[in-house]
Amino acid sequence: MSLTRHIPNAITLVNLFSGSIAAIFAVQGDLVMAATFVALGIFFDFFDGLAARLLDVKSELGLQLDSLADMVTSGLVPGIVMFQLFRQALPGAAAQSTDWTAGHDLMEWNFPALALLGLLVTLASGYRLAKFNIDERQTDSFIGLPTPANALLILSLPLILIFQPQPFLVDIILNPWFLAALTLFSCFMLNAEVPLFALKFSSWGFTENKVRYLFLIFCVVLLIFLQFAAIPLIIISYVVISMITNKNDDERLVERT
């Protein structure tokens, strides 16, 4: 039992390790590797809670550790990636150095200051994760966009630029106004009072997980046909399906009363 209770926390630490590696790649500008390790971290984040429930070893330590790991993997890294996208999109930014060498002036910046707007994603993620830990309403569902879903939304942008560089997609993604709007949308959705169904499974039965299974099938189909461009559509669909599901649940509740 003493060894078993550490298994979920060990999985969470692998998530944190993956996120830390992703942060290094993101700072270096290798956004493909950053996205790869974020995806790996989210994969382990999906299973740590499930392992805790299956082994019946849920703890307050595990809850706090999970949020700390998510802060790095799904909070810090997306903020850095958004910063890098801003740096590419802002006029004249490409001519600025991005290496580690300090300038002669102590206060000299080797990046456009407006690119720091991307870090608003990190701040909003931190606020959401702190609020999640004390919100007793979010046991079986989420209120506001979960940080892993938000991370996938942002990390999909450089993948689209690199692997699906359609001119109209490039023009949209590297538009500073689009990035600013997406940053604000991301910050709002992370903390909005919008109920969303959780994708973590407490069991594998189809009846109690029908919406989750159908949504996952829908995601697979979109990914097959649209590849990385499917990810923003998946996140939008996740929000829309959640709102429809919640509306139907409310209507059934009204009919019963």
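Every value quoted in this text rests on a predicted model; they were computed, and no experiment measured them.

A. Structural view of the overall build of the chain. When its secondary structure is counted, the chain shows nine helices and two strands. By the burial criterion, 43% of the 257 residues in the chain qualify as buried. A sequence separation of at least 24 residues applies to 75% of the contacts in the chain between residues at least 6 apart.

B. How the structure looks around the packing of aromatic side chains. Going through the model one piece at a time under the given rule, you end up with 11 aromatic pairs. Ring geometry for F197 against Y238: centres 5.0 Å apart, planes inclined by 85°, an arrangement best described as edge-to-face. Taken together, the residues span a long stretch of sequence, with F197 in strand β2 (residues 195–197) and Y238 in helix α9 (residues 230–256) at a distance of 41 residues. The class of F197 is buried, set by a relative accessible area of 12%. Taking 6.5 Å as the distance between ring centres and 35° as the angle between the ring planes, the aromatic pair formed by F215 and F218 counts as tilted.

C. Representation of the confidence of the model for the chain. Per-chain confidence: the chain averages 86 in pLDDT, with 84% of residues scoring 70 or above. In the model of the chain, α9 stands out as the element of lowest mean pLDDT, 76, in contrast to helix α7 (residues 176–191), which has the highest, 97.

D. Representation of unusual backbone geometry within the structure. For Q227, which is not a glycine, the phi torsion comes out positive at approximately 55°. Along the chain, Q227 falls in the loop between α8 (210–226) and α9. Residue class for Q227 comes out partly exposed when judged on its relative accessible area of 43%.

E. Summary view of the packing of helix α4 (residues 120–134) against α7. Contact geometry for α4 and α7: axes closest at 9 Å, N-to-C directions at 0°. By the criterion of interaxial angle, the relationship of α4 to α7 is roughly parallel. Facing L120, V121, A124, S125, Y127, R128 and K131 of α4, the residues of α7 in contact are T183, S186, C187, L190 and N191. For the contact of α4 with α7, the residue count by class is six nonpolar, four polar and two charged.

F. How the structure looks around the side chain of N9. On the secondary structure map, N9 appears in helix α1 (residues 7–28). Look past the residues within four positions of N9 in its chain and what remains in contact with it is L61, G62 and L65.

G. Quick peek at the nonpolar core. V81 and L145 are the most contacted members of the largest nonpolar core, which has 51 residues in total. In terms of residue count, the dominant contributor to this core is helix α5 (residues 147–163) (nine residues). Once residues within four sequence positions are removed from consideration, V81 is found in contact with A26, L31, I154, L155 and P158.

H. How the structure looks around a nonpolar patch on the surface. A cluster of nonpolar residues, L214, I217, V220, V221, I224, F225, L226, L233, I236, V240 and I244, forms a patch on the protein surface that exposes about 1000 Å² of accessible area. Counting residues per element, the ones that place at least two in the nonpolar patch are α8 and α9. The greatest single-element share of the nonpolar patch, amounting to seven residues, is contributed by α8. Assignment of secondary structure puts V220 in helix α8. Take V220: its relative accessible area is 47%, and that puts it in the partly exposed class.

Basis of the calculations
Residues numbered from 1 in each chain as written. Predicted model: local features only at pLDDT ≥ 70, side-chain atom pairs only at ≥ 80, totals over all residues. Heavy atoms only, no water. Helix = DSSP H or I, 4+ residues; strand = E, 2+ residues; numbered from the N terminus. Buried < 20%, exposed > 50% of the residue type's maximum accessible area, 1.4 Å probe, protein only. Contact = heavy atoms within 4.5 Å. Phe/Tyr/Trp six-rings, centres within 6.5 Å; stacked < 30°, edge-to-face > 60°. pLDDT = per-residue confidence, 0-100. Axes fitted to C-alpha atoms, helices over the stretch in contact; angles between N-to-C directions. Parallel < 35°, antiparallel > 145°, perpendicular 65-115°, else oblique. Nonpolar A, V, L, I, M, F, W, Y, C, P; charged D, E, K, R; others polar. Core = buried A, V, L, I, M, F, W, Y, C linked by side-chain atoms within 4.5 Å. Patch = residues over 30% accessible without salt bridge, like charges linked within 9 Å, V, L, I, M, F, W, Y side chains within 5 Å. Areas by Shrake-Rupley, 256 points an atom, 1.4 Å probe, with all protein chains shown as cover. Salt bridge = Lys/Arg side-chain N within 4 Å of Asp/Glu carboxyl O.

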